Amino acid sequence: MPNDRGGVKRPLPAAIAHESLIASAPGLTEDQTQLLRSSWVVHNLGRLRAPLAQLDLTSQDHSALARIAAHDVEFVNAVAGLLARARAATPLTGPPHPDT
């Protein structure tokens, strides 16, 4: 595929290595798929999915994770940290207390 400079546009090596990760997020538009091919977004997506391992995720869940992964690193770090802490937490034994 030609690029703006007349040369051939080649995918990033990291994108090639992560095509199966991209393909496992059904329901994405072409623009979202192109965005996922950047290596930092793919890395972010892996970090967000790690605490969700062995959970049944819907295509909506995968799409939401993909949108979150496209944000800046500080935001992704915060969400990944929340997911990891929630996964590691002891389940509640009663109804949660409302935030006041």
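Residues numbered from 1 in each chain as written. Predicted model: local features only at pLDDT ≥ 70, side-chain atom pairs only at ≥ 80, totals over all residues. Heavy atoms only, no water.

**Quick notes on the overall build of the protein**
Logical step 1: The helix and strand inventory of the protein stands at six helices and zero strands.
Logical step 2: From first element to last, N terminus to C terminus, the protein shows the α and β order α-α-α-α-α-α.
Logical step 3: The 100 residues of the protein split such that 23% are buried.
Logical step 4: Excluding contacts between residues fewer than 6 apart, the proportion of contacts in the protein whose partners are at least 24 apart in sequence is 59%.
Logical step 5: Total accessible area computed for the protein in this model is approximately 7,300 Å², and 59% of it derives from carbon and sulfur atoms. (Helix = DSSP H or I, 4+ residues; strand = E, 2+ residues; numbered from the N terminus. Buried < 20%, exposed > 50% of the residue type's maximum accessible area, 1.4 Å probe, protein only. Contact = heavy atoms within 4.5 Å. Areas by Shrake-Rupley, 256 points an atom, 1.4 Å probe, with all protein chains shown as cover.)

**Focus: the nonpolar core**
Logical step 1: Residues Val41, Leu45, Leu48, Leu52, Leu65, Ala69, Val76, Val79 and Ala80 constitute the largest nonpolar core, which totals nine residues.
Logical step 2: At the level of secondary structure, the elements contributing two or more residues to this core comprise helix 4 (39–49), helix 5 (59–69) and helix 6 (73–88).
Logical step 3: Those residues in contact with alanine 69 that sit more than four places away from it in its chain are Trp40, Val41, Asn44, Leu45, Leu48 and Val76. (Core = buried A, V, L, I, M, F, W, Y, C linked by side-chain atoms within 4.5 Å.)

**Points about unusual backbone geometry**
Logical step 1: A positive phi angle, close to 70°, is found at glutamine 54, a residue other than glycine.
Logical step 2: In this fold, glutamine 54 is placed in the loop between helix 4 and helix 5.
Logical step 3: Looking at glutamine 54, the relative accessible area reads 79%, which means it is exposed.

**Some points on the confidence of the model for the protein**
Logical step 1: Confidence in the prediction of the protein, expressed as mean pLDDT, is 77, and 67% of residues score 70 or more.
Logical step 2: Contacts for the low-pLDDT stretch residues 9–18, under 50 throughout, to residues beyond four places or in other chains number 10 contacts. (pLDDT = per-residue confidence, 0-100.)

**Remarks on the environment of proline 26**
Logical step 1: Among the secondary structure elements, proline 26 is positioned in the loop between helix 2 (19–23) and helix 3 (30–36).
Logical step 2: Once residues within four sequence positions are removed from consideration, proline 26 is found in contact with Ser59 and His62.

**Concerning the environment of alanine 86**
Logical step 1: With respect to the helices and strands, the residue alanine 86 is situated in helix 6.
Logical step 2: Note on alanine 86: relative accessible area 55%, which makes it exposed.

**So, helix 4**
An α-helix turns once every 3.6 residues. As a result, residues three or four positions apart point the same way.
Logical step 1: Among the residues of helix 4, Val41, Val42, Asn44, Leu45, Leu48 and Arg49 are the ones counted as buried. Along the axis of helix 4, the buried positions cluster into a sector of 160°, meaning they face one direction only. (Arc of directions from axis to C-beta.)

**Describing the packing of helix 4 against helix 6**
Logical step 1: Put simply, helix 4 and helix 6 touch, their axes get as near as 8 Å, and they point 20° apart. Compared by their axis directions, helix 4 and helix 6 come out roughly parallel. In the crossing of helix 4 with helix 6, the sense of the turn from one axis to the other is left-handed. Contact residues: helix 4 offers Asn44, Arg47 and Leu48, while helix 6 offers Val76, Asn77, Val79, Ala80 and Leu83.
Logical step 2: Class assignment of the residues belonging to the contact of helix 4 with helix 6 gives a composition of five nonpolar, two polar and one charged. (Axes fitted to C-alpha atoms, helices over the stretch in contact; angles between N-to-C directions. Parallel < 35°, antiparallel > 145°, perpendicular 65-115°, else oblique. Left-handed = near helix turned anticlockwise from the far one by under 90°. Nonpolar A, V, L, I, M, F, W, Y, C, P; charged D, E, K, R; others polar.)

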